Amino acid sequence: MLRKLRFYSRLLTAFVTKYYHGIVTGMLVGAVFFIFSPKIYSLIVKFRSSSRIAVVGRYTLTDIPIYIQKQISGGLTRVDESGQAIPHLAESWQATDEGKTYFFKIRSDIKWQDGKDIISRDLNYKFTDAQFEYPDDHTLKIVLADPYAAIPVSLALPVFKKSLLGWGEHRVTSIKRNGLLLDTLSLDPRIVYRFYNSENLAKMAFKLGLVDVLEEITKLNEIEQWPNVNISEKIHFDRYLGVFFNTTKLDKNMRQALSYAIDKNRWPNRALGPINPKSWAYNPDIKPYDYDSAKASQMLSKLEKKPDTLTLSTLPVYSDIAESVKQDWEKAGIKVNVEIVNSIPENFTAMILTQVTPPDPDQYNLWHSTQGTNNTHLDNKRIDKLLEEGRKTVDPKLRLEIYRDFQKFLLEEAPVAFLYYQTTYTVTRK
């Protein structure tokens, strides 16, 4: 027994002597790992918890979605749920000269993401017909050629010092592009946005594990049956779907009849007019055009002139909506041809479109007769005048009266059959 103990003792001594440095190094590494393992683990968790988000659309560095821009930076103001501008980078502002001159006081406690102070000269939104002046480092003066009451809301757009250097919570760490189009945008703290041309490609990336989140997709289809996913929905009250009429081809009585003929209750979140129902300027007393097939038929029967066949144009994504509208119109006695297109035809008769409305009730660009962005070619002098006055009037009470009248007269003209507010879905892997 004693002889065996001496043997193992000599063997252990020889082993330790031979591997002394390795044993000591291993003990030190083990001690260091034991001491710092919580920090190492937290770094691993942080790395693993990065969000890889699929974004559908073709974007360049100059037209990144606003909701992504707001992760990186902010504007002089921000807009609350009712569409009112409230302080953000600017702590206060005032309008003078009947709305032609604005002074914005810049906060002094915020820096750019490179650590440098934000000064007034860094800020230039490059508005047309606007002159920017810098009385001091914390005051921005904007002089307009004409009064414009929507300036505070317009300045909610995020500002950047250069490229995508902002002052928000997340900072851009890398950008990958395919030509001019964005492929990947990485932010710190870790968010990775990956851009896909279609929802089908984004869904495939989700299935393959390339992304963990599908953001703002319009159709779920088979996703509702996928295991281990969470689905949330968002109603966009600033984004409505409607049947837009070419007012040069269809007169007011025809447009009203077609509006009454559509059963809008088949879709949730019905839209009644052009302004966000949560807006301070929304008019709840506008003509609703509730479904009334008998009234539509009666109005159509009194028309002296109506098309033998009405062509309803639609993008492929809205083809099912177009078929429903076609059925309703044919019930009312109008023969309909559905035309699938990839862009707005230059001379359409009726078309299903999504319209994004601005947070401010100023919709001059959408409905004024002089504007090329007036897709319906509406030409109504009373509406033109209201739009002109609304954007120049600074007094909130007077603006409210103007825009309530605008909504009332626009609905009377019926350039659009308003259908519903768009819903999008965000799908997250559990």
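The paragraphs below set out a description of the structure included in this document. Predicted model only: the values in this text are computed from it and were never measured.

### Topic: the environment of K162
Counting through the fold element by element, K162 comes out in the loop between α4 (151-154) and β8 (171-178). What makes K162 exposed here is its relative accessible area of 55%. Along the primary structure K162 and D122 are separated by 40 residues, whereas in three dimensions their C-alpha atoms are 9.2 Å apart.

### Brief notes about the sheet that holds strand β4 (residues 90-96)
Taken in spatial order, the four strands line up as β4-β5-β7-β6 in an open sheet, and their pairing is antiparallel. What marks the edges here is a single partner per strand, and that holds for β4 and β6 (130-136). In this sheet, adjacent strand axes meet at a mean angle of 20° when their direction is disregarded. Pairing of β4 with strand β5 (residues 101-106) involves six bridges; the strand directions are antiparallel. Note that in β5 the partner of Q94 across the bridge is F103.

### A look at the pairing of strand β11 (residues 213-217)
By the criterion of burial, β11 is predominantly enclosed, with four of the five residues buried. As paired strands, strand β1 (residues 51-56) and β11 are joined by two bridges and run parallel to one another. Among the inter-strand pairings, A54 is bridged to a residue of β11, identified as L214. With three bridges connecting them, β11 and strand β16 (residues 416-429) associate as antiparallel partners.

### So, the pairing of strand β12 (residues 229-245)
Taken together, the 13 bridges between β12 and β16 define a ladder with antiparallel strand orientation. Across the sheet, residue E233 finds its bridge partner in β16, namely Y425. Pairing between β12 and strand β15 (residues 350-356): seven bridges, direction antiparallel. Residue L241 lies in a different strand from β15, and its bridge partner there is T354.

### Some remarks on the packing of aromatic side chains
Taken as a whole, this structure holds 13 aromatic pairs when the rule is applied. The interplanar angle of 55° and the centroid separation of 5.0 Å between the aromatic rings of Y260 and Y289 together place this pair among those described as tilted. Highlighted residues: Y260 in helix α6 (residues 252-260) and Y289 in the loop between α6 and α7 (293-301), separated in sequence by 29 residues. Residue classification places Y260 among the buried residues on the basis of a relative accessible area of 9%.

### Digging into the sheet that holds β1
Strand-to-strand pairing in sheets goes through backbone hydrogen bonds, with the strands running parallel or antiparallel. With mixed pairing, the 10 strands of this open sheet are ordered in space as β8-β9-β10-β1-β11-β16-β12-β15-β13-β14. Only two strands of the sheet have a single neighbouring strand rather than two, namely β8 and β14 (335-340). Geometrically, the sheet is characterised by an average inter-axis angle of 25° between neighbouring strands, direction not taken into account. Across the sheet, helix α8 (residues 319-331) is in contact with β12, β13 (309-314), β14, β15 and β16; its angle to β14 comes to roughly 170°.

### Details of the packing of α6 against α7
Running from N to C, α6 and α7 cross one another at 155°; their axes reach a closest spacing of 8 Å. Taken together, the axis directions place α6 and α7 in an arrangement best described as roughly antiparallel. As for how α6 packs across α7, the hand of that crossing is left-handed. Every residue of α7 that contacts α6 at N253, M254, Q256, A257 and Y260 is listed here: S293, K295, A296, M299 and L300. Classifying every residue of the contact of α6 with α7 by side-chain character gives six nonpolar, three polar and one charged.

Rules used in this analysis
- Here the residue numbering is sequential within each chain, running from 1 through the sequence in written order.
- Totals for whole chains, interfaces and linings use every residue, but because this is a predicted model, local features are given only for residues with pLDDT of at least 70 and side-chain atom pairs only at 80 or more, for both listing and counting.
- Excluding hydrogens and water, the side-chain figures rest on all heavy atoms present in the structure.
- Secondary structure counts use DSSP, requiring at least four H or I residues in a row for a helix and at least two E residues in a row for a strand, with both numbered from the N terminus.
- Partly exposed describes any residue whose relative accessible area lies between the buried limit of under 20% and the exposed limit of over 50%, with all areas from a 1.4 Å probe on protein chains only and scaled to the type maximum.
- One bridge is not enough; two strands pair if DSSP finds at least two bridges between them.
- A fitted line through C-alpha atoms represents every axis, and for helices the fit uses only the stretch in contact; the resulting angles, taken between N-to-C directions, go from 0 to 180 degrees.
- Any two of the Phe, Tyr and Trp rings considered here, Trp counted by its six-membered ring, make a pair once their centres fall within 6.5 Å; the pair's planes then place it as stacked at under 30 degrees, edge-to-face at over 60, or tilted in between.
- It only takes one pair of heavy atoms within 4.5 Å for two residues to be counted as in contact.
- Our angle categories are set so that under 35 degrees counts as roughly parallel, over 145 as roughly antiparallel, 65 to 115 as roughly perpendicular, and the remainder as oblique.
- Rotating anticlockwise by less than a right angle from the far helix to the near helix defines a left-handed crossing, while the corresponding clockwise rotation defines a right-handed one.
- In the scheme used here, Gly and all other residues not listed as nonpolar or charged are polar, with Ala, Val, Leu, Ile, Met, Phe, Trp, Tyr, Cys and Pro taken as nonpolar and Asp, Glu, Lys and Arg as charged.

Taken by themselves, the reported measurements are silent on function.
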